[in-house]
Amino acid sequence: MNIALILSYDGTNYHGWQVQKNGASIQETLETAVLRLLGQKTHVSGVGRTDAGVHARRYAANFKAGCSIPMDRLPYALNSFLPEDIAVTGACEVPDGFDARFDCTKKEYAYYIYPSTLRNPFYARRAYRYSYPLDLDRMRRGAERFVGRQDFAAVRSQGTPVKSTVRTVFWCEVEPVDGLIRVRVCGDGFLYNMVRAIAGTLVYVGGGKLTPDDVSAILRAGDREAAGPTLPAHGLFMNRLWYEHTPALAPFELDKQPKSGIF
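## Digging into the overall build of the protein chain
Per the secondary structure count, the protein chain includes 5 helices and 10 strands. The principal-axis extents of the C-alpha atoms in the protein chain amount to approximately 60 × 40 × 35 Å. Residue burial in the protein chain is summarised as follows: out of 263 residues, 52% are buried. Of the roughly 12,400 Å² that the protein chain leaves accessible, carbon and sulfur atoms contribute 49%. Looking at the protein chain, you have 32 positive and 27 negative side-chain charges, and the mean spots of the two groups are 3 Å apart.

## Considering helix H1 (residues 26-38)
The first and last C-alpha atoms of H1 sit 18 Å apart over 13 residues, in line with the 18 Å expected at 1.5 Å per residue. For H1, the full list of buried residues reads Ile26, Gln27, Thr29, Leu30, Glu31, Ala33, Val34 and Leu38. Looking at the packing, one finds that the buried side of H1 touches strand E1 (2-9), strand E3 (55-64), helix H2 (74-79) and strand E4 (86-94). Between a side-chain oxygen at the N-terminus of H1 and the backbone nitrogen of glutamate 28 the separation is 3.1 Å; the capping residue is serine 25. Just downstream of H1, glycine 39 is the residue with a positive phi angle, here 70°.

## Considering the confidence of the model for the protein chain
In this model, the protein chain carries an average pLDDT of 92, and 93% of its residues clear a pLDDT of 70 or more. Low confidence marks residues 250-255, where pLDDT is under 50. Its contacts with residues over four positions away, or in another chain, come to 15 contacts.

## Observations regarding the packing of helix H3 (residues 136-144) against helix H4 (residues 194-206)
Contact geometry of H3 with H4 gives a least axis separation of 8 Å together with a crossing angle of 135°. When the axes of H3 and H4 are compared, the pair comes out oblique. As H3 runs across H4, the sense of the crossing is right-handed. Note on element contacts: H4 touches H3 through Leu202, Val203, Val205 and Gly206, opposite Arg138, Met139, Gly142 and Ala143. When the residues that make up the contact of H3 with H4 are grouped by side-chain class, the tally is 5 nonpolar, 2 polar and 1 charged.

## Concerning the nonpolar core
Grouped together as the largest cluster of nonpolar side chains are 73 residues, with contacts concentrated most on Leu5 and Leu7. Among the elements that take part in this core, H4 stands out by supplying 8 residues, more than any other. The contacts of leucine 5, once residues within four sequence positions are left out, are Leu30, Tyr59, Ala60, Ala61, Phe63, Leu74, Leu78, Val88, Gly90 and Ala91. Judged by nonpolar contacts, the second largest core, of 7 residues, contains Ala110, Ala127, Leu180 and Phe237.

## Details of the pattern of salt bridges
Applying the stated criterion to the full structure yields 10 salt bridges. With a shortest N-O distance of 3.2 Å, aspartate 137 and arginine 141 are connected by a salt bridge. Within this pair, aspartate 137 and its partner arginine 141 are both found in helix H3, separated by 4 residues, close to a single helical turn. Aspartate 137 gets classed as partly exposed once you look at its relative accessible area, which sits at 44%. Salt bridges sharing common partners tie together Glu108, Glu173, Glu175, Arg182, Arg184 and Arg240.

## Some points on the packing of aromatic side chains
Scanning all chains against the criterion turns up 9 aromatic pairs. Note on tyrosine 9 and tyrosine 59: the rings are 5.5 Å apart at their centroids and 55° apart in plane angle, and the pair reads as tilted. With tyrosine 9 in strand E1 and tyrosine 59 in strand E3, this pair connects stretches of sequence that are 50 residues apart. Accessibility expressed as a relative area gives 5% for tyrosine 9, which makes it buried. Each ring, one from tryptophan 171 and one from tryptophan 242, has its centre 5.9 Å from the other, and the planes form 75°; the classification is edge-to-face. You can see tryptophan 171 sitting in strand E8 (residues 166-177) and its partner tryptophan 242 sitting in strand E10 (residues 236-242), a full 71 residues away along the chain. Assessed through its relative accessible area of 8%, tryptophan 242 is described here as buried. Three or more aromatic residues joined by ring pairs form one cluster here, namely Tyr9, Trp17 and Tyr59. One Lys or Arg, arginine 73, reaches over the ring of tyrosine 76 and ends 4.4 Å from the middle of that ring. Stacked on the ring of tryptophan 242, the Lys or Arg lysine 106 has its end atom at 4.9 Å from the ring centre.

The rules behind these values
- Residues numbered from 1 in each chain as written.
- Predicted model: local features only at pLDDT ≥ 70, side-chain atom pairs only at ≥ 80, totals over all residues.
- Heavy atoms only, no water.
- Helix = DSSP H or I, 4+ residues; strand = E, 2+ residues; numbered from the N terminus.
- Buried < 20%, exposed > 50% of the residue type's maximum accessible area, 1.4 Å probe, protein only.
- Areas by Shrake-Rupley, 256 points an atom, 1.4 Å probe, with all protein chains shown as cover.
- Lys, Arg positive; Asp, Glu negative; His and termini not counted.
- Charge placed at Lys NZ, Arg CZ, Asp CG, Glu CD.
- Expected span 1.5 Å × (residues − 1).
- Contact = heavy atoms within 4.5 Å.
- Polar contact = N/O pair within 3.5 Å; in protein donor to acceptor, adjacent residues only side chain to side chain.
- pLDDT = per-residue confidence, 0-100.
- Axes fitted to C-alpha atoms, helices over the stretch in contact; angles between N-to-C directions.
- Parallel < 35°, antiparallel > 145°, perpendicular 65-115°, else oblique.
- Left-handed = near helix turned anticlockwise from the far one by under 90°.
- Nonpolar A, V, L, I, M, F, W, Y, C, P; charged D, E, K, R; others polar.
- Core = buried A, V, L, I, M, F, W, Y, C linked by side-chain atoms within 4.5 Å.
- Salt bridge = Lys/Arg side-chain N within 4 Å of Asp/Glu carboxyl O.
- Phe/Tyr/Trp six-rings, centres within 6.5 Å; stacked < 30°, edge-to-face > 60°.
- Lys NZ or Arg CZ within 6 Å of the ring centre and 35° of its normal.

Structure (structure tokens):
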């Protein structure tokens, strides 16, 4: 049977989602939990390859295995074999052809910025501290320039080769949340480090180093050096997911706006 899982995790202690030779990963930890619970070695396919230190408020994965445990009890059973910083929150049987990665129609990431000259230890692993004033209105106007179907070569890092750097961004919004600044970006796909580079570019806009008009010019030119920096991984969260053609996942409300403002 093909089983879909909904989970969340704090990525601080992991080298990202994908299995790594030199450190712990979310994927390997989950596969080990399945092996210990069901006695079967499986491949767990995830919706995306989050990098080292990146978190997920909502993440989807699937694996194929024989399982006699009721789906409503499977999260509890798996969680007993998982560390405290990874939690399975839902499970259901899905069609054999379902794949958590390829069936996802759009994703939303959130990046958190903590504008302060003083450290806050509770944000140290979940928000990027920026020590200078940021103009939210300028950041919002800059964020609008990222919306639409366009070439995002200017806000990606070199990684796995891709056929095209054109993507569709459905929204890019900047909002204050309990003393933090949250940048939310939703798209049909993302290039390597794209959201972190968008957030870095918006920090430059908010700090006066770039104008909103500069964002459009930088995107048209495809000039990575002219855009803002790639901000650290620890401020990034996979936030929401959409599976429009998979009704079985509806009970998990994958596209529901998280109730909590922070993390």
